Amino acid sequence: MDIFADYSVSWLVGLALSLMVTGIVAGLMAGLLGVGGGIVIVPVLYHLFTFLGVDETVRMHVAVGTSLATIIPTSIISARSHYLRGSLDRNLLKKLVPGVIVGVVIGAIASGYLNGNILTAVFASIALLVSLNMAFKKEGFSIADGLPGPAGSGLIGAFIGGISALMGIGGGTLSVPILSALRVPMINAVGTGAALGLVISVPGAIGFLINGIGVESRPPLTLGYINLIGLALIVPATMLMAPVGAKLAHAINAKLLKQLFALFLFITALRMFYGLAN
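Residues numbered from 1 in each chain as written. Predicted model: local features only at pLDDT ≥ 70, side-chain atom pairs only at ≥ 80, totals over all residues. Heavy atoms only, no water.

1. What to know about the packing of aromatic side chains
Where two aromatic rings form a pair, the distance of their centres and the angle of their planes describe that pair.
Inference 1: Throughout the structure, instances matching the rule amount to one aromatic pair.
Inference 2: Relative to Y225, the ring of F208 has its centre 6.4 Å away and its plane inclined at 65°; by these criteria the two rings are edge-to-face. Highlighted residues: F208 in helix α8 (residues 186-211) and Y225 in the loop between β1 (222-223) and β2 (226-227), separated in sequence by 17 residues.
Inference 3: Overall, the relative accessible area of 0% leaves F208 in the buried class.
Inference 4: A relative accessible area of 7% means that Y225 is categorised as buried. (Phe/Tyr/Trp six-rings, centres within 6.5 Å; stacked < 30°, edge-to-face > 60°. Helix = DSSP H or I, 4+ residues; strand = E, 2+ residues; numbered from the N terminus. Buried < 20%, exposed > 50% of the residue type's maximum accessible area, 1.4 Å probe, protein only.)

This is the structure in structure tokens:
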């Protein structure tokens, strides 16, 4: 049976164009603000799939799985760049990676048992907290001086890995503010967060791929919960536009832009909560 039989040409063209725009926006925001593309890709895909009528039982799973898959190539390039610049703290990475891996595995397994509404609620809740942190965090705020012992570092890593896997984000969205609050220099927090993106995205994407095999009502050309059309169109657009965003960051009021992005996340979170309540 033709996998496109149930979809009109205009629907498929709209999907392709929307996915390309998603990659462009994600790349620009990643370059402008230093945020991982997943925090942009997931809500945009969620709203796109809602608009295109993708079944609500798989909508969030496909958004998260596709996002995790797109993070793999971009995190490789980002981590390598930070490593060459000396901003990737390998000792910090060694302390966090074991816990992150455990968290990702737990998150990936849990995603197979959680329905779309729970995944949406997780994303909306964390997005709301991230938006408030971006909007109101005071410069120099800290809760401790460095990472705690092995057990504490493991718990922090597991939290970052588990929540990131469920949200479809690379980890920088959570690891950078957490590490910054632990007085890790921002340049090292960002570099380490980029490397954690790879640790999170590979097993996370594999988990969503496995969990989605054979599930009904997925969009066309979706392997497991990873939409291959989205992967093919989002990744090149993101990688093309991220350097453009980085250049624009020097010409645009970064503080105002961060406030606008925080507002975008805030509205997105409220919109998701509203959808859950109706």
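2. Some points on the packing of helix α2 (residues 38-51) against helix α3 (residues 56-85)
Inference 1: In contact at an axis separation of 9 Å, α2 and α3 are set at 145° when each is read in the N-to-C sense. Once α2 is placed against α3, the crossing between them reads as right-handed. Within the contact between the two elements, α2 uses G38, I41, V42, L45, Y46, F49 and T50 and α3 uses R59, M60, V62, A63, V64, T66, S67, T70 and I71.
Inference 2: When its residues are assigned to classes, the contact of α2 with α3 shows ten nonpolar, five polar and one charged. (Axes fitted to C-alpha atoms, helices over the stretch in contact; angles between N-to-C directions. Left-handed = near helix turned anticlockwise from the far one by under 90°. Contact = heavy atoms within 4.5 Å. Nonpolar A, V, L, I, M, F, W, Y, C, P; charged D, E, K, R; others polar.)

3. Describing a nonpolar patch on the surface
Inference 1: Together, L129, L132, F136, L256, L260, L263, F266, I267, L270 and F273 give the surface a local cluster of nonpolar side chains, amounting to about 940 Å² of exposed area.
Inference 2: Mapped onto the nonpolar patch, the elements with two or more residues apiece are α5 (116-136) and α10 (254-277).
Inference 3: Broken down by element, the residue count for the nonpolar patch peaks at seven residues, all from α10.
Inference 4: Looking at the element boundaries, I267 is found in helix α10. (Patch = residues over 30% accessible without salt bridge, like charges linked within 9 Å, V, L, I, M, F, W, Y side chains within 5 Å. Areas by Shrake-Rupley, 256 points an atom, 1.4 Å probe, with all protein chains shown as cover. Salt bridge = Lys/Arg side-chain N within 4 Å of Asp/Glu carboxyl O.)

4. With respect to the nonpolar core
Inference 1: Of all hydrophobic cores here, the largest spans 67 residues; its most connected members are L15, I39, L45, M60, L96, F123 and M167.
Inference 2: Ignoring sequence-local partners within four residues, the contact set of L96 consists of L147, S153, I156, G157, L179, T192 and L196. (Core = buried A, V, L, I, M, F, W, Y, C linked by side-chain atoms within 4.5 Å.)

5. Observations regarding the side chain of T192
Inference 1: Within the secondary structure layout, T192 lies in helix α8.
Inference 2: Assessed through its relative accessible area of 0%, T192 is described here as buried.
Inference 3: Of note is the side chain of T192, whose polar atom sits 2.7 Å from the backbone oxygen of N188.
Inference 4: Once residues lying within four places of it in the same chain are set aside, the contact partners of T192 are S87, L88, D89, L92, L93, L96 and L179. (Polar contact = N/O pair within 3.5 Å; in protein donor to acceptor, adjacent residues only side chain to side chain.)

6. Some thoughts on α5
Side chains three or four residues apart in an α-helix point the same way, a direct result of the helix having 3.6 residues per turn.
Inference 1: With 21 residues, α5 extends 30 Å from end C-alpha to end C-alpha; this agrees with the ideal 30 Å at 1.5 Å per step.
Inference 2: Looking at α5, one finds that the buried residues are G116, L119, T120, V122, F123, A124, I126, A127, V130, S131 and M134.
Inference 3: Two or three places before N117, at the start of α5, stands the capping residue N115, its side-chain oxygen 3.0 Å from that residue's backbone nitrogen. (Expected span 1.5 Å × (residues − 1).)

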